[in-house]
2 protein chains.
Amino acid sequence: MKTYNVAIMGATGAVGQQMKEQLEKRDFPVNTIKFLASSRSAGQQIEFKGNTYTIEEAKPESFEGIDIALFSAGGSISEQFAPEAVKRGAVVIDNTSAFRMDAEVPLVVPEVNPEDIAQHKGIIANPNCSTIQMVCALQPLKEQYGLRKIVVSTYQAVSGAGIGAINELKSQSADFDNAKDAEAKMLPVKSAEHHYPIAFNAIPQIDKFTDNGYTYEEMKMINETKKIMHDDRLAVAATCVRLPVVTGHSESVYVELEGAPTVDEVKQAIADAPGVVLMDDPANQVYPMPLMAAGLDEVFVGRIRQDLDNPQGFHLWVVSDNLVKGAALNSVQIAESMIEQNII
Amino acid sequence: MKTYNVAIMGATGAVGQQMKEQLEKRDFPVNTIKFLASSRSAGQQIEFKGNTYTIEEAKPESFEGIDIALFSAGGSISEQFAPEAVKRGAVVIDNTSAFRMDAEVPLVVPEVNPEDIAQHKGIIANPNCSTIQMVCALQPLKEQYGLRKIVVSTYQAVSGAGIGAINELKSQSADFDNAKDAEAKMLPVKSAEHHYPIAFNAIPQIDKFTDNGYTYEEMKMINETKKIMHDDRLAVAATCVRLPVVTGHSESVYVELEGAPTVDEVKQAIADAPGVVLMDDPANQVYPMPLMAAGLDEVFVGRIRQDLDNPQGFHLWVVSDNLVKGAALNSVQIAESMIEQNII
């Protein structure tokens, strides 16, 4: 069996750690592995399959001999190093937003558009976490009934903003009675001017604002969904909200279909979809929740209801671990799909 | 100036306490006041405008001589005692769901349909908290542009489930590292079979489920909105979710209008509406959040955006204190509106 020389760029981050764990757990065919980070983290030790590795400072030469480089160290790092890795023969699977909307770069969720991988020119982009779980849930409905319009409101976990945001939620949560005056430095955006407490709060801002009043996170969901689903005419609207949840993004999705299936047909389509678990039994209070989805691989869908006014409209509640399927697992699955399709 | 004999039924609850505070704060023309509760709470002392009152056990005779009775002690208590109060000449303003959809009972938000109060036959219903703030935000758009369709996803605070739910969130939040295994007895519904931790979680169930897969909370938002706005043809869909927030409900609202105003016209209409505060300046990260709205009277609206595909579609983020405008304040405002309209 063929094995590969793998590098993880951003090995100390929340997603980088998950990438390492997914490679171990899925027994990815690794020949050699290399853990890269900024000079600040270089020198730290990391365990992989029982062996100890030292994290190296990323340099262009670091990618010599690498077959697959998994990137998750921020957009500017990807812009700097991904071309260097490609120049040296690696395929870069990039979890940042740097190249996602680049027409030359496939944006891939293996359950939805694995065929796009073959078009790559060295870089394959991993979509935004909140986009991935939504398109996994909606792809079976697109295939069977066609999609017309999506309106999504998100309930996003702080781990999407990194380990610092998790620590801030933890320290803020310890002082229940002074939540309003809690010290805040990380959210909604570390580099933004104003910071707000997340404990016992809901912040309707993820990433910075664009000129049209939508945030970049909302525009990512809108634009990436159209690109992944190859449908520029699909209407997509998003409102993205950060919650005091550690890990696990939830989404309230309203979707209008081209067809008008029954609610049971919609449930069956979702139950049959790869990577998706139907978890929908209101009589027994069965529906997905982030606290239960954290650490799991699948996209969980429940609360499926037909709209009361529009027989082509359906409401879904979609939950998944934003670090796993929303990031690290999807990146590793892209690599696996390349192997399966004999593209690498 | 005419003054009134007032009773608060359910005086020890989260909403009952707010009703008392609103009467004090707004200097409601009280002649006498009486605090009623179950036998369990009877005998407790309560302060009102510097005087101490003893909470009395509610009995039918308790309402002799009462002009206005504010009820917030649960639906079955309202069913039992509201007719007794009416029989004795009181007007009941009921904050439970017991009579809201009764065709004989006006369901009133004073900013929206004060004229309905005159139709009362002794009972006036106060709408559900999540309905009130939404209709306050949408009424100016209805008046100026007409409403066609509403899709709302809620982000609701635990105080809507009572003081016990607040205490449970507090105790669960203290153990950040064991959130998944936290003891849960109150949410989503105290009397339901299964309970789930709310700290660091999001529970897509508020109230029990109806046969159509929607919860009662969702059906309240749908049916009450149509009744308050006098429009059975208005399409309304709701997904209601409980969050680890103490007080302050947030709502992501997508609305389709009959007209197609500019986003600035929509913002102006909302800024001009009574009881509503426009809080919408993305460049300066100004938008409402529950932690900041808690304790305030108004309905706050921000993140107003035109839909990118439908010029008649708009997205809004609506936040208000669920115990204040969502319950106690609205009840007191109904009483004030009766006085203004010379109905009492």
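The shown structure was predicted, so the numbers you read here are calculated from the model rather than taken from an experiment. (Residues numbered from 1 in each chain as written. Chains lettered and ligands numbered in written order. Predicted model: local features only at pLDDT ≥ 70, side-chain atom pairs only at ≥ 80, totals over all residues. Heavy atoms only, no water.)

Q: Teacher, can you tell me more about the pattern of salt bridges here?
A: Pairing between side chains of opposite charge can happen when the charged atoms of each approach one another. As enumerated under the stated definition, the model contains 38 salt bridges over all chains in all. One salt bridge in this structure joins Asp207 of chain A and Lys220 of chain A, with 3.0 Å as the shortest N-O distance. With Asp207 of chain A in the loop between helix H4 (163-173) and helix H5 (216-228) and Lys220 of chain A in helix H5, this pair connects stretches of sequence that are 13 residues apart. With its nearest N and O atoms 3.8 Å apart, the salt bridge here joins Asp309 of chain B to Lys226 of chain A. Taken together, the residues span two chains, with Asp309 of chain B in the loop between strand E13 (299-306) and strand E14 (313-320) and Lys226 of chain A in helix H5. You can call Lys226 of chain A buried: its relative accessible area is 13%. (Salt bridge = Lys/Arg side-chain N within 4 Å of Asp/Glu carboxyl O. Helix = DSSP H or I, 4+ residues; strand = E, 2+ residues; numbered from the N terminus. Buried < 20%, exposed > 50% of the residue type's maximum accessible area, 1.4 Å probe, protein only.)

Q: In this structure, what is going on with the relation of the copies chain B and chain A? I would like to understand it.
A: In this arrangement, two copies of a chain are superimposed by a rotation about an axis accompanied by a shift along the axis. It takes a turn of 180° to lay chain B on chain A, together with a shift of 0.0 Å along the axis; the resulting RMSD is 0.0 Å. Expressed as a symmetry operation, the mapping of one chain copy onto the other fits a two-fold axis. Of all interface residues in chain B, 99% are interface residues in chain A too; the two copies therefore contact each other through one and the same surface. (Least-squares fit on C-alpha atoms with pLDDT ≥ 70 in both. Contact = heavy atoms within 4.5 Å.)

Q: I tried to follow the pairing of strand E9 (residues 147-155) of chain A on my own but got confused; where do I start?
A: Successive side chains on a regular strand alternate, one facing one side of the sheet and the next facing the other. Residue and element names in this part refer to chain A. Counting buried residues in E9 gives eight out of nine residues, a clear majority hidden from the surface. Two elements, E9 and strand E11 (residues 249-257), share eight bridges in a ladder whose sense is antiparallel. If you follow Thr154 over to E11, its bridge partner there is Glu251. Sheet topology places E9 next to strand E10 (residues 235-239); five bridges connect them, and they run parallel. Each residue of the ladder has a partner; that of Val152, found in E10, is Ala238. (Pairing = 2+ DSSP bridges.)

Q: How should I be thinking about helix H4 (residues 163-173) of chain B in this particular structure?
A: Within an α-helix, residues lying three or four positions from one another point in the same direction, as the helix has 3.6 residues per turn. Those residues of H4 of chain B that fall on the buried side of the exposure criterion are Ala165, Ile166, Glu168, Leu169, Gln172 and Ser173 of chain B. Seen from one end, H4 of chain B has its buried residues packed into an arc of 160°, which puts them on one side. (Arc of directions from axis to C-beta.)

Q: What is the right way to read the packing of aromatic side chains from this model?
A: Centre distance and the angle of the planes are the two values used to describe a pair of aromatic rings. For the structure on display, the rule yields 21 aromatic pairs over all chains. Measuring from ring centre to ring centre gives 6.5 Å for Phe63 of chain A and Phe81 of chain A, while their planes differ by 45°; the resulting arrangement is tilted. Of this pair, Phe63 of chain A sits in the loop between strand E5 (56-57) and strand E6 (68-71) while Phe81 of chain A sits in helix H2 (residues 75-87), and the two are 18 residues apart along the sequence. Both residues of the pair, Phe63 of chain A and Phe81 of chain A, belong to the buried class. An aromatic cluster is built from Tyr155 and Trp317 of chain A together with Tyr155 and Trp317 of chain B, whose rings are joined through pairwise contacts. Here the guanidinium or amino end of Arg305 of chain B rests over the ring plane of Tyr214 of chain A, the centre of that ring lying 4.8 Å away. (Phe/Tyr/Trp six-rings, centres within 6.5 Å; stacked < 30°, edge-to-face > 60°. Lys NZ or Arg CZ within 6 Å of the ring centre and 35° of its normal.)

Q: What am I meant to see in the sheet that holds strand E2 (residues 30-37) of chain A here?
A: Where strands meet in a sheet, backbone hydrogen bonds hold them as pairs that are either parallel or antiparallel. Residues and elements named next belong to chain A. Here six strands make up an open sheet; going across it, the order is E5-E2-E1-E6-E7-E8 and the pairing parallel. In this open sheet, the two edge strands, each paired with only one partner strand, are E5 and strand E8 (123-125). Direction of pairing for strand E1 (residues 4-9) relative to E2: parallel, over a ladder of six bridges. In the strand pairing of E2, Tyr4 is matched with Val30. In the packing of helix H1 (residues 14-25) onto the sheet, the strands contacted are E1, E2 and E6, and the crossing angle to E1 comes to about 155°. Sitting on the sheet, H2 is in contact with E1, E6, strand E7 (91-94) and E8, with an inclination near 175° to E6. (Axes fitted to C-alpha atoms, helices over the stretch in contact; angles between N-to-C directions.)

Q: Teacher, can you tell me more about the interface of chain B and chain A here?
A: By convention, interface size is frequently given as the accessible area that disappears when the constituent parts associate. Taken together, the contacts link 67 residues of chain B with 66 residues of chain A. The junction of chain B with chain A conceals about 5,600 Å² of combined surface from both sides, 61% of it contributed by carbon and sulfur atoms. Among the residues of chain B in contact with chain A, Phe176, Gln285 and Leu291 of chain B are the three that bury the most area, contributing 13% of the side total. At the boundary of chain B with chain A, the tally comes to 10 salt bridges. For the salt bridge of Lys170 of chain B with Asp177 of chain A, the shortest nitrogen-to-oxygen distance reads 3.0 Å. In this structure, the connection of chain B to chain A is made through 36 residue pairs in polar contact (both at pLDDT 80 or more). Elements with a contribution of two residues or more to the side of chain B that touches chain A: strand E9 (147-155), H4, helix H5 (216-228), strand E10 (235-239), strand E11 (249-257), helix H7 (290-293), E13 and E14 of chain B. (Buried area = accessible area lost by both parts, 1.4 Å probe. Polar contact = N/O pair within 3.5 Å; in protein donor to acceptor, adjacent residues only side chain to side chain.)

Q: Looking at this model, I keep getting lost on the confidence of the model for chain A. Mind explaining?
A: In this model, chain A carries an average pLDDT of 97, and 100% of its residues clear a pLDDT of 70 or more. The complex model carries a pTM of 0.97, and its ipTM stands at 0.97. (pLDDT = per-residue confidence, 0-100.)

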